[in-house]
Each structure stands twice: as C-alpha cells, then as structure tokens.
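Chain and residue survey
Letter by letter, the chains look like this.
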Amino acid sequence: MNPKSIFKGVTSTLIAGVIVGTCTIPAFADSTTSVSSKNYAVTSSGEFKALDKEVSEGSVDQSSWSREFELDENDGAQVNFWISNNGSNDIKISIDGKVSRTIAPGKQGNISTEVKNGWFGWTYNYTFTASPPAQGGSVKMKYRIAQRNN
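Basis of the calculations
- Position numbers for residues count from 1 along each chain, tracking the sequence in the order it is written.
- Where local features are concerned, this predicted model is filtered to residues with pLDDT of at least 70; where side-chain atom pairs are given and counted, the filter is 80 or more; whole-chain, interface and lining totals use all residues.
- Derived side-chain values reflect all non-hydrogen atoms in the structure, with water molecules and hydrogen atoms excluded from consideration.
- By definition, two strands form a pair when at least two bridges between them are found by DSSP.
- Comment: elements are numbered from the N terminus, with helices defined as DSSP H or I runs of at least four residues and strands as E runs of at least two.
- Every axis corresponds to a line fitted to the C-alpha atoms, with the helix fit spanning only the stretch in contact, and the corresponding angles, defined between N-to-C directions, vary from 0 to 180 degrees.
- Take the buried residues of types Ala, Val, Leu, Ile, Met, Phe, Trp, Tyr and Cys, join any two whose side-chain atoms come within 4.5 Å, and each joined set is a nonpolar core.
- Each residue is assigned to one of three classes by its accessible area relative to the maximum for its type, calculated with a 1.4 Å probe on protein chains only: buried under 20%, partly exposed between the two thresholds, exposed over 50%.
- Two residues qualify as a contact provided that any one of their heavy atoms is within 4.5 Å of a heavy atom in the partner residue.

In space, the four strands of this open sheet follow the order β4-β9-β6-β7, with antiparallel pairing throughout. Two strands lie at the open edges of the sheet, namely β4 (65-71) and β7 (99-103), each paired on one side alone. With direction set aside, neighbouring strand axes in the sheet form an average angle of 15°. In this sheet, β7 lies alongside strand β6 (residues 91-95) in antiparallel orientation, the contact comprising five bridges. Of the residues in β7, the one forming a bridge with I91 is I103.

Put into structure tokens, the structure is as follows:
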C-alpha cells in the first residue's frame, strides 16, 4: 500500500465523520433559551425586556454624600435619583455634576438622566452627590437610586 493513499483514506474518513457529527448534534440539542429571570421578563410577543433595577437606597446624616455606581443601559434606559430631605437646610443633588436640583427642607424630589453603554457594551460609572448649600450645614436625607425603562 502506498502511504499517500492511506493518508487520503484516513483524511476522507475524518472529514466525513466531522460533517456527519456536525449535522446530527443540532438534532439532539435542547431548544430552550437560557436567560436569568432576575433581570428579564418575557413580553406577550415573546421578546425579552429588561426589568427595573434598584441600584441603592438608604439614609444619610453627614456633612456631604457621594457614591459611584457602575450602570448598564440593559438594566434600564434612565436612572432616577430620589431623596426626601429630612434636615433643616436645602440639599443639592446631582448625577455626574450634569443634572442637578435643590430640594428644600421637609420636601422630596428627584432627578433623572439617560444611561448609556460605550463601545463593545462597556458600562460607565455614574456619580451621585448630595451636598448642603454653600454656607454649610449637613445632609440629612432618605434616598433611592433606580434604573427604569420608559
């Protein structure tokens, strides 16, 4: 026997085996979609929809407050920062220093901004701050930060 013909025979057999194996594997594959139910819901049309995400909540009683959170737009297109001012002076809240609002003592209010991912789905950090007016004071508040879809 010629070594060249042996090589051709073995190669042909291997290629045929790969083709047959590749064609039969999908026939035995499971046809279910695996998605965590924690972050998604199935709509009536069968689409997956991101659920609202609670980012953080709590109470604050200090001179100023700032927290940074990594947000993914797949968890909600908007992020909302809500506070209830429980102190005796105004509190200025902001998201990334771009969106801000002043909340009077005994009042509550919120601000929102759009959440965007970068190239290749990279997520960004968003900074949430609460500070007293320029003349000083403290931040005494309850807060909640959550992502929502419109």
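From this point, the discussion proceeds with the structure in view.
Turning next to the nonpolar core. Of all hydrophobic cores here, the largest spans 21 residues; its most connected members are W65, F81, F128, M141 and I145. Looking at this core, the elements with two or more residues in it are β3 (53-62), β4, β5 (78-85), β6, β9 (124-131) and β10 (139-148). Looking at which element gives the most residues to this core, the answer is β10, with four residues. Those residues in contact with W65 that lie beyond four places of it in its chain are V60, F81, F128, T129, A130, M141, Y143 and I145.

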